[in-house]
Amino acid sequence: MNVKDSEHIIAELSDEYEITQNPENADLILLNTCSVREKPVQKLFSELGALNKKNPNAKFGVCGCTASHMGKEIIKRAPFVSFVLGARNVSRIKEALNTPKAVITDLDYDETTYVFKNTRKNPYKDFINIMVGCDKKCSYCIVPKTRGKELSIPMDLIIGQIEKLAAEGVKEITLLGQNVNNYGKRFSVSHPKVDFTDLLREVSKIDGIERIRFTSPHPLHADDRFLEEFANNPKICKHIHFPLQSGSTKLLKAMRRGYSKEWFLNRCEIIRQIPDVSITTDIIVGFPGESEEDFEETMDVLEKVRFEQIFSFVYSPRPLTEAADMPNQVDKQVAKERLYRLQKRHAEILDEIAKNQIGKIYKVLIEEPGMGKSDNFFTVKIPQKDKYLGEIVDVKITNANKHTLSGEVVK
Ligand code: 5AD
Ligand code: SF4
């Protein structure tokens, strides 16, 4: 979502600015920030300092989630920064640029009907926001405090935009939101009752759109209707990012995730019935109160689901979150050691998964010369660099490692 926000900002400014790769020559330097963990926040100030040294004449703006929650504090700590623009106020970039020392961090701001300029980088695929904000209260997560409450973008606007993209040759669309399968819960305008499954069906009716992806769904809202649509709609790519966070029901409760280990495993069992489906996930280790037994529950889910990819992190206490004040914080060293064990075991699983890919035939959209993504989200290389660009071809896998597959085009 941050990448998409950056692209929106770039597009909004495209009539006045062009991109440069050299900060020394820039008139304007924008940093788009994350605040999900503490590290990127520290990086912001070191990066700002280094860039200001390189180019003291540039105008500086700080955007994104750290902008949302630190607000004017950023200008206090780095007085050369000209403006601060929060993650829920992206469409106000010009206002920020033209107002001296602007701090625009309005969490109630509604940009769900704002139509951004075209941002597409790849001719064959694009990403499109379907909602803003997040209504969940996961006790470790700062996002609801930086992106505000959840509002869905009206369906006709989404469909209209995708139709336009399809007419320009886009074949693959990724629907973006913090909780995509909660789509339709709340609109800021009057709107017929719809849910995410309805949206998926509408998108799949658009001629020219051959592949639909989405990220991220919430396991709590993965009801049978949604999973049936996922399994049976041939345009929906068979990859699901399904954030587990922890395998311990006790911890999931403390995290306020709203589901149990059993629910998560049951949903995955249903999903695994789809041939060649991929399941990827996010895992946090060292959440307050995590015992060795709780961690073993996470390892157990890893063994049972055998995720095709995991994004795993040591818990990072964040301001404005419930968990930061929990008394039973886990020792950092213990958490790091658990993360190491988790990632080591997962690397072995990935080797086993890679071995099983040899001989499979996957549908691959060739996005760049000689390379593309399979329906189930593996990166696949083919020998031809000058052929098949923009086509969906069948590739027979002949070689595989943890990160990349390669093979021959068979159709
Ligand atoms: N500490 C560590 N990881 C976190 N995430 C969110 N908040 C935190 C935190 N405080 C992770 C979750 C989420 C992903 C985007 O970032 O796993 O799914
Ligand atoms: Fe954060 Fe939970 Fe919302 Fe995801 S669902 S953005 S983890 S609060």
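Cut-offs used in this document
- Residues numbered from 1 in each chain as written.
- Chains lettered and ligands numbered in written order.
- Predicted model: local features only at pLDDT ≥ 70, side-chain atom pairs only at ≥ 80, totals over all residues.
- Heavy atoms only, no water.
- Helix = DSSP H or I, 4+ residues; strand = E, 2+ residues; numbered from the N terminus.
- Rg over C-alpha atoms; globule rule 2.2 N^0.38 Å.
- Contact = heavy atoms within 4.5 Å.
- Areas by Shrake-Rupley, 256 points an atom, 1.4 Å probe, with all protein chains shown as cover.
- Lys, Arg positive; Asp, Glu negative; His and termini not counted.
- Charge placed at Lys NZ, Arg CZ, Asp CG, Glu CD.
- 1 Å grid on protein atoms, 1.4 Å probe; cavity = no way out; pocket = protein on both sides within 12 Å on 5 of 7 lines; lining within 4 Å.
- Points joined across faces, edges and corners; volume = space filled by probe spheres on them.
- Nonpolar A, V, L, I, M, F, W, Y, C, P; charged D, E, K, R; others polar.
- Pairing = 2+ DSSP bridges.
- Axes fitted to C-alpha atoms, helices over the stretch in contact; angles between N-to-C directions.
- Domains from an automatic or database assignment.
- Buried area = accessible area lost by both parts, 1.4 Å probe.
- Salt bridge = Lys/Arg side-chain N within 4 Å of Asp/Glu carboxyl O.
- Near = heavy atom within 4 Å.
- Polar contact = N/O pair within 3.5 Å; in protein donor to acceptor, adjacent residues only side chain to side chain.
- Patch = residues over 30% accessible without salt bridge, like charges linked within 9 Å, V, L, I, M, F, W, Y side chains within 5 Å.
- Buried < 20%, exposed > 50% of the residue type's maximum accessible area, 1.4 Å probe, protein only.
- Core = buried A, V, L, I, M, F, W, Y, C linked by side-chain atoms within 4.5 Å.
- Arc of directions from axis to C-beta.
- Phe/Tyr/Trp six-rings, centres within 6.5 Å; stacked < 30°, edge-to-face > 60°.
- Lys NZ or Arg CZ within 6 Å of the ring centre and 35° of its normal.

S.K.: Got a minute to help me understand the overall build of the protein chain in this structure?
M.R.: Helix and strand content of the protein chain: 13 helices and 17 strands. Taking 22 Å as the expected radius of gyration for a compact globule of 411 residues, we find that the protein chain reaches 22 Å, a close match to that expectation. Restricting to contacts in the protein chain with at least 6 residues of sequence separation, those with at least 24 account for 70%. Here the protein chain displays about 19000 Å² of accessible surface, and carbon together with sulfur accounts for 51% of that area. Across the protein chain, 61 positive and 59 negative side-chain charges occur, with their mean positions spaced 2 Å apart.

S.K.: Honestly, the layout of surface pockets in this entry has me stumped. Any pointers?
M.R.: Leftover empty space is mapped by rolling, across the atoms, a probe with the size of a water molecule. The calculated volume of the second largest pocket comes to roughly 920 Å³. Lining the second largest pocket are 29 residues, and of these I19, L28, I29, L30 and L31 lie nearest its centre. Every element with two or more residues in the lining of the second largest pocket is listed here: α1 (2-12), β1 (28-33) and α2 (38-54). No other element matches β1, which puts 6 residues into the lining of the second largest pocket. Its residues assigned to classes, the lining of the second largest pocket shows 16 nonpolar, 9 polar and 4 charged.

S.K.: Explanation requested: the sheet that holds strand β12 (residues 309-314) in the structure shown.
M.R.: Within a beta sheet, neighbouring strands are joined by backbone hydrogen bonds and run either parallel or antiparallel to one another. Strand order in the open sheet formed by 3 strands is β10-β11-β12, with parallel pairing between adjacent strands. Each end of this open sheet is capped by a strand with a single partner; those strands are β10 (239-241) and β12. Put simply, the sheet's adjacent strands are angled 10° from each other on average, direction ignored. In this structure, β10 lies alongside strand β11 (residues 278-285), joined through 3 bridges in parallel fashion.

S.K.: Help me out: how do you make sense of the domain arrangement of the protein chain in this one?
M.R.: By a widespread convention, an interface's size corresponds to the accessible area lost as its parts come together. According to the domain assignment, the protein chain contains domain 1 (2-104), domain 2 (110-237), domain 3 (238-356) and domain 4 (361-409). Each side of the interface is counted separately: domain 2 has 9 residues, and domain 4 has 13 residues. For the pairing of domain 2 and domain 4, the buried interface totals around 910 Å² over both sides, and the portion due to carbon and sulfur atoms is 49%. The three residues of domain 2 that bury the most area against domain 4 are Y124, R211 and R213, which together make up 57% of that side's buried surface. The salt bridge involving E367 is made with K125; its shortest N-O contact spans 3.1 Å. Here the residues of the side of domain 2 that touches domain 4 sort into 2 nonpolar, 1 polar and 6 charged.

S.K.: It is not clear to me how the site of ligand 1 should be interpreted in this structure. Could you clarify?
M.R.: Taken together, V36, R37, Y140, Q245, D282, I284, F313, V314, Y315, S316 and R318 make up all the residues around ligand 1. Y140 places a main-chain nitrogen or oxygen 2.9 Å from a nitrogen atom of ligand 1. The contact in question runs from a nitrogen atom of ligand 1 to an N or O atom on the backbone of S316, over 2.7 Å. Here ligand 1, which alone exposes 410 Å², has 85% of that area covered by the protein. Of all the secondary structure elements, the ones that give two or more residues to the shell around ligand 1 are β11 and β12. Its residues placed into classes, the shell around ligand 1 shows 6 nonpolar, 2 polar and 3 charged.

S.K.: Would you mind showing me how to read a positive patch on the surface here?
M.R.: A contiguous patch of positive charge on the surface is contributed by K39, K43, K332 and K336. Breaking the positive patch down by element, the ones donating at least two residues are α2 and α13 (332-355). Note on placement: K336 falls in helix α13. On the basis of relative accessible area, K336 is assigned to the partly exposed category, the value being 45%.

S.K.: Would you mind showing me how to read the nonpolar core here?
M.R.: A general tendency of soluble globular proteins is for nonpolar side chains to be buried together. Counting 79 residues, the largest nonpolar core has L175, Y183, F196, L199 and F214 as the members making the most contacts within it. Setting aside residues up to four positions removed in sequence, L199 forms contacts with I130, M155, I158, I159, L175 and Y183. A58, F60, A67 and A78 belong to the second-largest nonpolar core, a separate cluster that totals 18 residues.

S.K.: Help me out: how do you make sense of helix α8 (residues 196-204) in this one?
M.R.: Because each turn of an α-helix spans 3.6 residues, side chains separated by three or four positions in sequence point in the same direction. Those residues of α8 that sit buried are F196, T197, L199, L200, V203 and S204. For α8, the angular spread of the buried residues around the axis is 160°, confining them to a single face. On its buried side, α8 packs onto α7 (155-167), β8 (172-176), β9 (211-215) and α9 (224-232).

S.K.: Sorry, what's going on with the packing of aromatic side chains here?
M.R.: Aromatic rings in a pair are described by how distant their centres are and how their planes are angled relative to each other. Within the structure shown, the criterion is met by 13 aromatic pairs. With a centroid separation of 6.1 Å and an interplanar angle of 20°, the aromatic rings of Y362 and F378 are classed as stacked. Taken as a pair, Y362 in strand β13 (residues 361-368) and F378 in the loop between β14 (371-374) and β15 (379-381) lie far apart in primary sequence, 16 residues in all. Its relative accessible area of 6% is what places Y362 among the buried residues. The exposure class assigned to F378 is buried, which follows from its relative accessible area of 13%. Taken together, the aromatic side chains of F196, F214, F226 and F230 make up a single cluster linked through ring pairs. The ring of F313 is capped by R37, whose NZ or CZ atom sits 3.5 Å from the centre of that ring.

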